[in-house]
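This is what each chain is made of:
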Amino acid sequence: MLLLLLLCCSPTALGQLVEPRFGDELADFDLDLAPRRVPRQVRTILSQETKPHIQELSIQTTVVSRYAFTAVYCAMLNRRSAAAEGVFQFQIPAAAYVSNFTMIIGGRVYQSEVTPKTKKVKPETGGRAGTKESGDASPEQVEVFRMAAMIPGRNRAVFLLTYEELLRRRLGRYELSTSLRPLQLVSRLRLDVTIVDHAPVTGLTVLPLRTGAAAKSPARSEHPVTTVIKVEKNVCRVTFSPNIVQQAKITTNGILGDFVIRYDVQRDMGIGDIQVLNGHFVHYFAPKDLPAVPKNVVFVIDTSASMSGTKIRQTKDALFTILRDLRPGDRFNFISFSNRVKVWRPHSLVMATPLNVRDAKKFIYMLVPNGGTNIDGAIHTGSSLLGEYLSSPDASPNSVSLVVFLTDGRPTVGEVRSAAILGNTRSSVKDKFCVFTIGIGDDVDYRLLERMALENCGMMRRIDEDADASAMLKGFYDEIGTPLLSDIRIKYTEDSVRYVTQHQFTNYFNGSEIVIAGKLSNRSAESLHVQVTASSNDKTVVLETDVPLRRRETETEKHVKAAKAAGGKTPGSGVAQVLGVALGSIADDFVERLWGFLSVKDGLRSRLRSQTSKEREDHSRRATDLSLTYRFLTPLTHLVVEKPEVLADGTVADELPDDGEDGEPQGSNGKPSGQISSLSNDIGKAERPPAKKSVTFSKTSADGDPHFVVDFPLSKLTVCFNINGEPGHVLRLVSDHKHSGVTVNGKLIGAPAPPGSRKLQRTYFSAITIVVDRPTRAYIEVTPKKVILDGRDRMVLPCRSSAAVSSGALSVAVVGNANVTVTVGGNIVFVILLHLYKNPAPYQRDHLGFYVASSKGLSHDCHGLLGQFLYQEVSLALLAAPGDAKPAAALTVRQRSVPVVRKSRRIYGGAQSVDCWFARNNAAALIDGRYEDYLTTHMFDTGEGLNGA
């Protein structure tokens, strides 16, 4: 699964990206402008900046079958000599889930972790509890991800963020919105979007930059300057890369707005599009060319005093437009409420005739805001009115019924308790129709509105205080104004699927889409039977077919390959290439991640609808487990990140703090050293703990206390020996200093022997250092707690988290609490196992195991305790053993005879046992020289002579 955001993907490129660049104070401002001159006013703005400057902001989105992965890379430079606070802030869609966050500051990697929320953790203030509680949100809503950290003087910080979302179809199109609000002019700004779909993409449009919260789309249609659009049937690429002068022409405050892409895909009438991958499936159902179903709608409108002014005017404008769009077969009524509840036409709903529409407009025009807010009385009146009509002989059996409820405040008159209002609403609705709720402004109980909608098969929409309420009201009504189907039920072969997400729906509206995902329990099945039943305006619709699973999986795999190939071809800087490859690798699991995404959403909705504490706990537990599995930050999880400790001299402390008892990173005062995000309502994310990967590298190793194992594949023999060193000794394991420039040293640490052992003490490797002298000097030092990479730049990675970075000829990949893989020049690979104890006994020490995975780049003159055997051949002569004694033999190594006996050794952290021929006495005669010849003075000693080839 997703390990360390983007770091796992292209370590070489990332290592180059985090290399600091210094020089002239403004040198980094115009790197993308040469030979163009920076206008004086722009240079003046830049020179007046006091906060760290954003050198680069690269955003890349890959959309695979409407599931979007977005990665954000932000490089920030502190030009001052003193440490300064850098603030990374990015708006993400409220319906999206953050899936990782990482910082690289002062050469050290700070990886976020996601933990379940506890009751002790309070949500951030200013949160939108209603929106995020269920995980649903309208497309216009956003949340702000914010992280502040101290950046040492004359240094850089890199912030990496990823989030995922399912693009919802509204009014016949998908919309992808990316916030471009860095709050300052950026030296290098680039947005790359790749859209790959199973069906041909149609109607792709890039809107002018959209500013303001949920602002109305501008009338002009030209797309933003520098935008490049390439459409090739199923693959579309969009890039936006304004230089610093072009940004300044748009705005000098760095708030460019939202970059919005809209599109649709070709679809055929029928069962829909089903894609299969890695034991999961996703079903997109969006029928077309169906007649509209008549609707019965009651509009319940807040006319309390707080609706005065712009709110009531915009609400009236929207209602006038909605009235014009009513169809002849529709029935409707209006209710206004403040202290009192007024019904336009008491006792019934009326036909949408021209005369009734004219009279309704008069009623709306005469509405005057005053008084308080009687939410309970209004929703009860509207529900009773609609319920009575549906029980009358005039009601059409195939019509769709709904209440549209709008308010800008909290209940102040009548029943004001949310639980009682919700109970009364359920009693009035009785599952006969749906309730759609709309909240305007900031003084609304959005949790109440959302629960009211969710418990009654509707949706909630939020309209911000500064938004164009008229346009948004009309847009929301357009979404639900044309029902095509009702009572939709989708079934799959019972013994072939499990854990299917929501598959029963009250209504299907024109221009929308139903998305269902599930797991295949019988992956060997040839086909999957799918049946869709629904009611249309005058009949029952039944669609069914058998989906060939293997063919669909092959098609989906081709689709994913196309997405990865398209992402890899994205033009741009090295950063863009890193982001593209990273997101391409995530695409391999897009169906499963989409299933996890929808399952979490379902769990949160069910949790919100729960009537008992046990139901709530059950749904919470399942949603939390899924959030953690797929690394989603959700309302049930918490994102924690260790913050850098800046010392008095402005540098970043190198040592990693010890973990606290609860496993969270601890600061110097024993408290958690950082919890983020000020996502305005603590949206959530979660992280799957990286699995310990199976070890497939060679047996040649030094592990345990320490036990050496050497594999001779040409001779088909395995030899083993012990080195009984002293604590503090540094052993030369590999020495190829003169040729490949590689040296590996290991430091011993002591521990008491276990009870009953013949030894007085044991020794283990507490640190492994790999030094490279070509083309430039660099090294990696590994301990059980951290990895230090010192090359072009210095980085410190905690061993508890997964990561992959590179610097020059060295690259390192960490699988959290499991192993570290070090690659030198692409053809020398060492693996270091992490042996960690949760509750160690007195004789146990956290220690390391060293394995040679690939030695192709090492020369035939390589030496060291292990290196000298990499290109050797040995022969074995068996000796007669008296009685029951162990088989004895003699090895011939470099014309030396070495007596050996048969033994069994555990390697790979005890995962496997290997039979080997054991040489006693500190490997006397087996190794060149004596054990003492392999002792070095320090961990970075590359030496000469016997132990320094």
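Since the model is a prediction, treat every value here as computed from it, not as a measurement.

## Some words on the packing of helix α9 (residues 446-454) against helix α13 (residues 590-609)
- Two elements in contact, α9 and α13, have axes separated by 9 Å at closest approach and are oriented at 100°. By the criterion of interaxial angle, the relationship of α9 to α13 is roughly perpendicular. Between α9, through Arg447, Glu450, Arg451 and Leu454, and α13, the contact on the second element is made entirely by Arg605, Leu608 and Arg609.
- Along the lines of polarity and charge, the residues of the contact of α9 with α13 split into 2 nonpolar, no polar and 5 charged.

## Things to note about the nonpolar core
- Ranked by size, the top nonpolar core spans 66 residues in total, and within it Phe708, Phe721, Leu733, Phe850 and Leu926 carry the most contacts.
- When sequence neighbours within four positions are dropped, the list of residues in contact with Phe708 reads Ser701, Ala702, Val719, Cys720, Phe721, Ile723, Leu731, Leu733, Phe765, Leu865, Leu866 and Arg905.
- Residues Ala68, Met76, Phe90 and Val98 belong to the second largest nonpolar core, which totals 52 residues.

## Overview of the pattern of salt bridges
- Per the counting criterion, the structure on display carries 42 salt bridges.
- Its salt-bridge partner being Arg593, residue Glu164 comes within 2.7 Å of it at the nearest N-O pair. With Glu164 in strand β8 (residues 155-166) and Arg593 in helix α13, the pair connects residues that are 429 residues apart, well separated along the chain.
- A salt bridge links Arg777 to Asp773, with the nearest nitrogen and oxygen atoms 2.8 Å apart.
- Salt bridges sharing common partners tie together Arg66, Arg169, Asp197, Asp264, Arg267, Asp273 and Glu513.

## So, the pairing of strand β15 (residues 257-265)
- Burial runs high along β15: 9 of the 9 residues are buried.
- Of the strand pairs in this sheet, strand β10 (residues 173-180) and β15 are connected by 7 bridges, and their pairing is antiparallel. Bridging across to β15, Thr178 finds its partner in Phe259.
- Where strand β12 (residues 201-206) lies against β15, 4 bridges are found, and the strand directions are antiparallel. Paired with Val206 across the bridge in β15 is Ile261.

Parameters at a glance
- Residues numbered from 1 in each chain as written.
- Predicted model: local features only at pLDDT ≥ 70, side-chain atom pairs only at ≥ 80, totals over all residues.
- Heavy atoms only, no water.
- Axes fitted to C-alpha atoms, helices over the stretch in contact; angles between N-to-C directions.
- Helix = DSSP H or I, 4+ residues; strand = E, 2+ residues; numbered from the N terminus.
- Parallel < 35°, antiparallel > 145°, perpendicular 65-115°, else oblique.
- Contact = heavy atoms within 4.5 Å.
- Nonpolar A, V, L, I, M, F, W, Y, C, P; charged D, E, K, R; others polar.
- Core = buried A, V, L, I, M, F, W, Y, C linked by side-chain atoms within 4.5 Å.
- Buried < 20%, exposed > 50% of the residue type's maximum accessible area, 1.4 Å probe, protein only.
- Salt bridge = Lys/Arg side-chain N within 4 Å of Asp/Glu carboxyl O.
- Pairing = 2+ DSSP bridges.

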